[in-house]
Amino acid sequence: MLMKIGLGVVAVLIGFLGYVSTREGKFQYERSGVINATPEKIFPYLSDFKLGGQWSPFEQADPNMKKTFTGNVMEFEGNKDVGAGKLELLKVVPNQSVDIKLTMLKPIFAENLVQYTLTPEQGGTRFTWIMSGDGGFMGKLMNVFMDCEKMIGDQFVKGIANLKTVVEGSKMNLTEKPEIVTWPETHYVYIEKTGPFQETAQPAWENLHKNVPNLKSVKGFMSLYKVDPQMVYRAGAVVAAKPESLPSGMAHVKFEGGKYAKFTLVGAYENLPEASGKVFEIIKRDHMNLRDAFFIENYVNDPATTPADKLVTEILVPIQ
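Notes on the structure follow.

Conventions used here
Numbers given to residues run from 1 along each chain, matching the order in which its sequence is written. A pLDDT threshold of at least 70 governs which residues receive local features in this predicted model, and a stricter bar of 80 or more applies before side-chain atom pairs are shown or counted, although totals over entire chains, interfaces and linings include all residues. Note: side-chain values were computed over all heavy atoms of the structure, leaving out hydrogens and water. A run of H or I in DSSP counts as a helix once it spans at least four residues, and a run of E counts as a strand once it spans at least two, with each numbered from the N terminus. Exposure is judged per residue with a 1.4 Å probe applied to protein chains only, and the accessible area is read against the type maximum: over 50% gives exposed, under 20% gives buried, and values in between give partly exposed. Reported accessibility uses the Shrake-Rupley method at a 1.4 Å probe radius. Residues are deemed covered only where the shown protein chains occlude them. Here a salt bridge means any side-chain nitrogen of Lys or Arg lying within 4 Å of a carboxyl oxygen belonging to Asp or Glu. Should DSSP find at least two bridges between two strands, the strands are taken to pair. For helices, the fitted line uses only the C-alpha atoms of the stretch in contact; every axis is such a line through C-alpha atoms, and the angle between N-to-C directions lies from 0 to 180 degrees. Any two residues whose heavy atoms approach within 4.5 Å at even a single point are treated as in contact. Both cavities and pockets are sets of points on a 1 Å grid over the protein atoms alone; in a cavity a 1.4 Å probe fits but cannot get out, in a pocket the set is open with protein on both sides within 12 Å along at least five of seven lines, and lining residues sit with an atom within 4 Å of a point. Grid points are joined across faces, edges and corners, and a volume is the space filled by probe spheres set on the points. Note that Gly is not counted as nonpolar here; it falls among the polar residues with everything else outside the nonpolar set of Ala, Val, Leu, Ile, Met, Phe, Trp, Tyr, Cys and Pro and the charged set of Asp, Glu, Lys and Arg. Helices are assigned an expected span. That span is 1.5 Å times one less than the residue count. Residue types Ala, Val, Leu, Ile, Met, Phe, Trp, Tyr and Cys, when buried and joined through side-chain atoms within 4.5 Å, form a set referred to as a nonpolar core. Pairing of aromatic side chains requires ring centres within 6.5 Å, counting the rings of Phe and Tyr and the six-membered ring of Trp. Pairs whose planes differ by under 30 degrees are stacked, by over 60 edge-to-face, and all others tilted. Here, over-ring charges are defined by two tests on the NZ atom of lysine or the CZ atom of arginine: distance to the ring centre within 6 Å, and angle to the ring normal within 35 degrees.

### Remarks on the overall build of the protein chain
Part 1: Summing up its helical and strand segments, the protein chain has seven helices and 16 strands in all.
Part 2: Residues classed as buried in the protein chain amount to 43% of the 320 residues present.
Part 3: Entry remark: accessible area of the protein chain is about 17500 Å², with carbon and sulfur atoms responsible for 55%.

As structure tokens, this is what we get:
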């Protein structure tokens, strides 16, 4: 009798596992919502992992989550509700889309694709959040006992609402009438990278700050960039004189300066992409006559000792 019961249990288990194996393993979860802001204002929160904690429901599930940032990668380790894994930027289209590879290590291994897209529409910008992948057999098994589409989708809805609150609650304080100034010749040491700003700026500054202790007579920090024919970005420091030697990967130039139209932004650095977009709108609107030179972002005060809302950044446009 016991043998018959045991064989029956085994048969049921085999049948159940067979049923699980026939279910669809691939998935795509998608939610969207409209945020009353421009794509330029929203985009930094999507392309900069360091800003994710301000709105991501998964990060908010564990305020003590351990995070490590290396270039375009964020590794994380949290509680049982969060797990452990890493996020890696795969593709960034400024103010339009971000593709991210999500690798989960705990509680189970999984590799998924996360996609953020921004689409302007009446009343603001539609933010769409998609996650897709193949859960394999474990994913099929989990879907038998729980509605994963609803569970993940509800988190997406919460995240979109969080992002809406963060973005719509922040105001950009930018002067719209520029001051005409002459920037002096400046000894400048820097790390240069080419490619989209969202992919180059962070690693350039990380590399620079590692080498700052080796520099003498640092007077301040600024970035230089050109947009055409390709994005060239320099993260650098103003120094008193030409250094006798430089760490590997760094260069020196006696930056010639010249005539500039200066806009001033007061507030967090996360507002810089939107502020730069606004500056370019003003350039076009006012038919400003530009010269072939680097744009400047001059960081007036120290973010280590200054509250984010009190930071001052000068955006300087080279003009004839």
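### Digging into the pattern of salt bridges
For side chains of opposite charge, pairing can occur when their charged atoms come near one another.
Part 1: Across all of its chains, the model carries 14 salt bridges by this definition.
Part 2: Put simply, Lys80 and Asp81 hold a salt bridge, and the shortest N to O gap is 3.5 Å. Side by side, Lys80 and Asp81 carry an identical accessibility label, which is exposed.
Part 3: A salt bridge links Glu185 to Lys254, with the shortest nitrogen-to-oxygen separation between them at 3.6 Å. Here the residue Glu185 occupies a position in the loop between strand E9 (179–183) and strand E10 (186–194), and Lys254 occupies one in strand E13 (residues 251–255), the gap between them amounting to 69 residues.
Part 4: The network of salt bridges with common partners includes Glu179, Lys262 and Glu314.

### Some remarks on the sheet that holds strand E2 (residues 66–70)
Think of a sheet as strands paired side by side through backbone hydrogen bonds, with each pair either parallel or antiparallel.
Part 1: What the seven strands build is an open sheet, ordered E1-E7-E6-E5-E4-E3-E2; its pairing is antiparallel. At either margin of the open sheet sits one strand with a lone partner, and together these are strand E1 (26–35) and E2. The mean inter-strand angle of the sheet, taken between neighbouring strand axes irrespective of direction, is 20°.
Part 2: Where helix H2 (residues 39–47) meets the sheet, it contacts E1, strand E4 (84–93), strand E5 (97–106), strand E6 (110–121) and strand E7 (124–134), and its direction lies at approximately 170° from that of E6.

### Remarks on the pairing of strand E11 (residues 218–226)
Part 1: Strand direction decides the pairing type here: E11 and strand E12 (residues 232–239), joined by eight bridges, are antiparallel. Counted as the bridge partner of Leu224 is Arg234 from E12.
Part 2: Counting the residues in the hairpin turn of E11 and E12 gives five residues.
Part 3: Taken together, the five bridges between E11 and strand E15 (residues 295–299) define a ladder with antiparallel strand orientation.

### Some points on the layout of surface pockets
Part 1: In this structure, the second largest pocket occupies an estimated 1000 Å³ of space.
Part 2: Forming the walls of the second largest pocket are 30 residues, and the residues nearest its centre are Asp48, Gln202, Trp205, Tyr269 and Leu272.
Part 3: Within the residue set of the lining of the second largest pocket, elements represented by two or more residues are H2, helix H6 (197–211), E11, helix H7 (272–285) and E15.
Part 4: Partitioning the lining of the second largest pocket into residue classes produces 17 nonpolar, seven polar and six charged.

### Brief notes about the environment of Pro57
Part 1: Inspection of the secondary structure assignment puts Pro57 in helix H3 (residues 57–60).
Part 2: In the structure, Pro57 is positioned 100 residues away from Val157 in sequence and 9.3 Å away in space, judged by C-alpha atoms.
Part 3: Excluding its chain neighbours within four sequence positions, the residues that come into contact with Pro57 are Trp129, Gln155, Lys158, Gly159 and Asn162.

### Regarding H6
Part 1: The end-to-end C-alpha distance of H6, which contains 15 residues, comes to 21 Å, matching closely the 21 Å that a straight helix rising 1.5 Å per residue would cover.
Part 2: The complete set of buried residues in H6 reads Gln198, Thr200, Ala201, Pro203, Ala204, Trp205, Leu208 and Asn211.
Part 3: Contacts made by the buried residues of H6 are with H2, E4, E10, E11, E12 and E15.

### Regarding the nonpolar core
Part 1: Counting residues in hydrophobic clusters, the biggest one holds 33 residues, and the most contacted among them are Leu46, Tyr116, Phe127 and Leu163.
Part 2: Those elements that place two or more of their residues in this core are E1, H2, strand E3 (73–77), E4, E5, E6, E7 and helix H5 (148–169).
Part 3: Among the elements that line this core, the one with the most residues is H5, at five residues.
Part 4: If we ignore the near neighbours within four places in the chain, the residues touching Phe127 are Arg31, Ser32, Gly33, Ile35, Leu46, Trp55, Tyr116, Thr117, Leu118, Ile160 and Leu163.
Part 5: Ranked by size, the runner-up nonpolar core spans 30 residues in total, among them Leu208, Ala235, Met288 and Tyr299.

### As for the environment of Gly267
Part 1: Counting through the fold element by element, Gly267 comes out in the loop between strand E14 (258–266) and H7.
Part 2: When the C-alpha positions of Gly267 and Val312 are compared, they lie 6.5 Å apart, and in sequence the two are 45 residues distant.
Part 3: Those residues in contact with Gly267, other than ones at most four positions away along the chain, are Ala308, Asp309 and Leu311.

### Some points on the packing of aromatic side chains
To describe a pair of aromatic rings, you give the distance between the ring centres and the angle between the ring planes.
Part 1: A full pass over the atoms with the stated rule returns 15 aromatic pairs.
Part 2: Aromatic side chains Tyr116 and Trp129 sit 5.8 Å apart centroid to centroid with 70° between the ring planes, which places their arrangement in the edge-to-face category. On the criterion of sequence distance, the pair formed by Tyr116 in strand E6 and Trp129 in strand E7 is long-range, its members being 13 residues apart. Each of the two residues, Tyr116 as well as Trp129, counts as buried.
Part 3: Ring centres of Tyr225 and Phe295 lie 5.5 Å apart, and the angle between their planes is 15°; on these two criteria the pair is classed as stacked. Here Tyr225, found in strand E11, pairs with Phe295, found in strand E15; they are 70 residues apart in sequence, far enough to count as distant. For the pair formed by Tyr225 and Phe295, the shared burial category is buried.
Part 4: Taken together through their ring pairs, the aromatic side chains of Trp55, Phe58, Tyr116, Phe127, Trp129 and Phe156 make up a single cluster.
Part 5: In this structure, Lys226 is placed above the aromatic ring of Phe294, and the distance from its NZ or CZ to the ring centre is 4.9 Å.

Such coordinate-based values are descriptive only and should not be taken to indicate function.
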